[in-house]
2 protein chains.
Amino acid sequence: MTPATPAERSDAVRNRERLLAAARELISECGAEGLTMDRLAERAGVGKGTVFRRFGSRAGLMLTLLDDSESAFQARFLFGPPPLGPGAPGRERLIAFGSERIAYVVEFGDLVLAAENASRGRFDVPAAALWHRHIEVLLREAGFDSDPWLMAGSLSATLDPERLLHLVRDRGVAPERLAASWADLVTRVVKDA
Amino acid sequence: MTPATPAERSDAVRNRERLLAAARELISECGAEGLTMDRLAERAGVGKGTVFRRFGSRAGLMLTLLDDSESAFQARFLFGPPPLGPGAPGRERLIAFGSERIAYVVEFGDLVLAAENASRGRFDVPAAALWHRHIEVLLREAGFDSDPWLMAGSLSATLDPERLLHLVRDRGVAPERLAASWADLVTRVVKDA
DNA sequence: ATAATAAGCGGACCGTGGTCCGTTTAGTCT
DNA sequence: AGACTAAACGGACCACGGTCCGCTTATTAT
């Protein structure tokens, strides 16, 4: 039987691991801004073309680096315990989603930022589509009926990493305050109907 | 008497005008994406250094290009007739502000987009600070009392040009629908208190 | 073992925004 | 008019993300 994905060549696997290791090294040494594709290639002992073949772009690399934590986050709000996961009312889950997302963005700051500049639009990143859909579903569940899709987009925009990090880092706003404002916003949006 | 700004040299003035003219030409020929700093310099018959001396960056140039329409917009919501200008209740003015801003972004699409990438943060652009403050004031006027500053920021985020243009251009969402959703959002946020 | 083949590889190359610094020149002072 | 000076100029230069294409190599079939 031939697998749908025709099996990855062993050198490719090896190089991918080298690259990811080198990337994490570089980031812990110089921060995410300090990671350039040339340096990464050099550090990993690999040609530059290989880097792009693996990850497509710098943003793609960052996405890969975030993949584990992103999956964990998704698992928590899709299947985890309430109030983030299923079991709590929509409104509570929305509020919890916001604070968790804020915490996530603050924790992985530069990485998230660097992952944002996906070549054609940051809205087509699968993860973003998932959050959007999640918010939309919760809005409906909370009884929000007028254009929930667009409203979900507006609420998402509110959680834009660049904005959140600007507030936290350059303006000294505490994450808890952001979470409180998000909760306030959600409460008002969802209030009676 | 010596003016505070020690008077601009005549060649500088001449070059600025050449550059702006060339920029508008280039944009009308190739669109905003087609305007590169090298091409602009060449077209204007000027060194590249001069371009950067004048405008600081590509974003700065775009900002300059938008300056007239931006000022006009500001004048309208600061001093113009209601419901956009003073005279109408806060809630109405907020709603009007949103639709006008949406229309503005749709009209000047690429230019606005290109102006967004100001070197350090798009939040320090003076114009952005003004909109933010304007929204904050209107929120307060409409009786919104819990952290109006942060809420103003959240509402602003909702009007992010990249998002708006993505919806309109790539998703075929009508500007009127965006305006309606904004009105809905504002109404709920401001509702009783 | 050998040959065939497609995946993988590397690094020269490109266009871009942005910087630097030696040279030119407009405006002023005598 | 001539000299002086600070502003303005120009374009070589840099770092970066991304592309391209001829060469290498792991894998599979014989």
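Figured I'd write up the structure that's included with this text. Since we're looking at a predicted model, the values are computed, not measured. (Residues numbered from 1 in each chain as written. Chains lettered and ligands numbered in written order. Predicted model: local features only at pLDDT ≥ 70, side-chain atom pairs only at ≥ 80, totals over all residues. Heavy atoms only, no water.)

1. Description of the protein's contact with DNA strand C
Where we set the bar: Only heavy atoms are used to decide nearness, and a residue is near a molecule or strand if one of them lies within 4 Å of it. A 3.5 Å cut-off defines polar contacts: any pair of N or O atoms within that distance qualifies, except that in protein one atom must be a possible hydrogen donor and the other a possible acceptor, and neighbouring residues in sequence count only when both atoms are side-chain atoms. Helix and strand definitions follow DSSP, with helices as H or I runs of at least four residues and strands as E runs of at least two, each counted in order from the N terminus. Throughout, the ten residues Ala, Val, Leu, Ile, Met, Phe, Trp, Tyr, Cys and Pro are labelled nonpolar, Asp, Glu, Lys and Arg are labelled charged, and all others, Gly among them, are labelled polar.
Around DNA strand C sit 20 residues, and of these Arg9(A), Asn15(A), Gly49(A), Lys48(B) and Arg58(B) come closest. Considering DNA strand C, the proportion of its atoms within 4 Å of the protein that are sugar or phosphate atoms stands at 61%. Taking Arg9(B), its side chain carries an N or O atom lying 3.5 Å from a sugar or linking oxygen of DNA strand C. A distance of 2.5 Å separates a base oxygen of DNA strand C from a polar atom in the side chain of Lys48(B). When contributions to the surface near DNA strand C are tallied by element, the ones reaching two or more residues are α1 (10-30) and α3 (48-55) of chain A together with α1 (10-30) and α3 (48-55) of chain B. For the surface near DNA strand C, the class distribution of residues is four nonpolar, seven polar and nine charged.

2. Points about the protein's contact with DNA strand D
Near DNA strand D lie 20 residues; those nearest to it are Lys48(A), Arg58(A), Arg9(B), Asn15(B) and Gly49(B). Per the 4 Å cut-off to the protein, sugar and phosphate atoms form 62% of the nearby atoms of DNA strand D. Lys48(B) places a main-chain nitrogen or oxygen 3.4 Å from a base nitrogen of DNA strand D. Here a phosphate oxygen of DNA strand D sits 3.2 Å away from a polar atom, N or O, in the side chain of Arg54(B). Listed by contribution, the elements that provide at least two residues to the surface near DNA strand D are α1 and α3 of chain A together with α1 and α3 of chain B. Considering every element that reaches the surface near DNA strand D, the biggest residue donor is α3(B), with five residues. When its residues are assigned to classes, the surface near DNA strand D shows four nonpolar, seven polar and nine charged.

3. Re the relation of the copies chain A and chain B
In summary, the two copies of the chain are related to each other by a rotation about an axis coupled with a shift along it. Where we set the bar: Only residues with pLDDT of at least 70 in both copies contribute their C-alpha atoms to the least-squares superposition of the copies. Should any heavy atoms of two residues lie within 4.5 Å, those residues are counted as being in contact.
At an RMSD of 0.0 Å, chain A and chain B line up after a rotation of 180° and a shift of 0.0 Å along the axis. Overall, the copies show the geometry of a two-fold rotation axis. Mapped onto chain B, 100% of the interface residues of chain A are again interface residues, and the two copies thus contact each other with one and the same surface.

4. What about the interface of chain A and chain B?
Many descriptions give the size of an interface as the accessible area lost when the pieces come together. Filter applied, for reference: Here the buried area means the combined drop in accessible surface, using a 1.4 Å probe, for two parts upon being joined, counting both sides. One speaks of a salt bridge when a side-chain nitrogen belonging to Lys or Arg is within 4 Å of a carboxyl oxygen belonging to Asp or Glu.
On the side of chain B, 30 residues touch chain A, which itself brings 30 residues to the contact. When chain A packs against chain B, the two sides together hide about 2,900 Å² of surface, and 51% of this comes from carbon and sulfur. By the criterion of area lost to chain B, the three top residues of chain A are Phe123(A), Leu150(A) and Arg188(A), representing 22% of everything that side buries. The tally of links from chain A across to chain B stands at eight salt bridges. The partner of Arg171(B) in a salt bridge is Asp124(A), with the nearest N and O atoms 3.9 Å apart. Connecting chain A to chain B are twelve residue pairs in polar contact (both at pLDDT 80 or more). At the level of secondary structure, the elements contributing two or more residues to the side of chain A that touches chain B comprise α8 (148-158), α9 (161-170) and α10 (175-190) of chain A.

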